[in-house]
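Close look at the chain arrangement
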Amino acid sequence: QVQLVESGGGLVQPGGSLRLSCAASGSIVSIDSMAWYRQAPGKQRELVANITSSGETNYADSVKGRFTISRDKNTVYLQMSTLKPEDTAVYHCNAVVKEWMYVTWARAVRWGQGTQVTVSS
C-alpha cells in the first residue's frame, strides 16, 4: 500500500514561516490528488488546501494569501507564511491514490501520521 510521511512541523513565532513536506511511497500506481488538513484540540479536522493532478489548487479562506500548496511528483508541500496562533494544530497530509494489490489495483484514501505546528511567542 501507499504510505505518507510528513515532516517540517515545529514551533514558530507569530508572523513566522514554516514549510511542511509529505512524501508518498510504496505501491503507487498514480496519485489523483493531495491535500493538507489540520485539527486543533477540541475542533474538527478541516481542509487547509488541496492540489489536483492538473495543478489546480484550492485553499480555506482562513489561509488564502498566506499558505501555498505545491507538488513535485509524489511529494506535496505546504509553505506557510505570516503564521498566526490560530494556525496551531496537527497537520495531516492526504492523498487519493491508486495502489497495487498483488496483480490488480485499488483506489484508496491514505493519510499521514501528522506533524505538530505550534505558533506561539
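Scroll up to find the structure.
Everything in this summary refers to the structure shown in the same document.

Reading the values: rules and limits
Residues numbered from 1 in each chain as written. Predicted model: local features only at pLDDT ≥ 70, side-chain atom pairs only at ≥ 80, totals over all residues. Heavy atoms only, no water. Salt bridge = Lys/Arg side-chain N within 4 Å of Asp/Glu carboxyl O. Helix = DSSP H or I, 4+ residues; strand = E, 2+ residues; numbered from the N terminus. Buried < 20%, exposed > 50% of the residue type's maximum accessible area, 1.4 Å probe, protein only. Core = buried A, V, L, I, M, F, W, Y, C linked by side-chain atoms within 4.5 Å. Contact = heavy atoms within 4.5 Å. Lys, Arg positive; Asp, Glu negative; His and termini not counted. Pairing = 2+ DSSP bridges.

Next up on the list: the pattern of salt bridges. A full pass over the atoms with the stated rule returns six salt bridges. Across the pair R107 and D32 runs a salt bridge, and its minimum N-O distance is 3.5 Å. Highlighted residues: R107 in strand β10 (residues 104-111) and D32 in strand β4 (residues 28-39), separated in sequence by 75 residues. Judged by relative accessible area, R107 falls into the exposed class, the value being 52%. The exposure class assigned to D32 is partly exposed, which follows from its relative accessible area of 29%. Overlapping salt bridges, with partners in common, bring together R38, E46, R66 and D87 in one network.

Here we come to the nonpolar core. W36, V48, F67, V76, L78, M80 and Y91 are the most contacted members of the largest nonpolar core, which has 31 residues in total. Of all elements in the fold, only β1 (2-7), β3 (18-26), β4, β5 (46-52), β7 (67-72), β8 (75-80), β9 (89-101) and β11 (115-119) reach the threshold of two or more residues within this core. With five residues, β9 is the largest single contributor of residues to this core. If we skip the residues at most four places from it in the chain, M80 touches G16, S17, L18, L20, R66, F67, Y91 and V117.

The next subject is the side chain of K98. Structurally, K98 is set in strand β9. For K98, which is buried and forms no salt bridge, the nearest opposite charge comes from D32, at a distance of 6.5 Å. Not counting residues up to four positions away in its chain, the partners in contact with K98 are S27, I28, V29, S30, W105, A106 and R107.

This part is about the pairing of β1. Burial of β1 is one-sided: the residues V2, L4 and E6 facing one way are buried, the residues Q3, V5 and S7 facing the other way are not. When β1 meets β3, the two strands line up antiparallel, connected through six bridges. Of the residues in β3, the one forming a bridge with S7 is S21.

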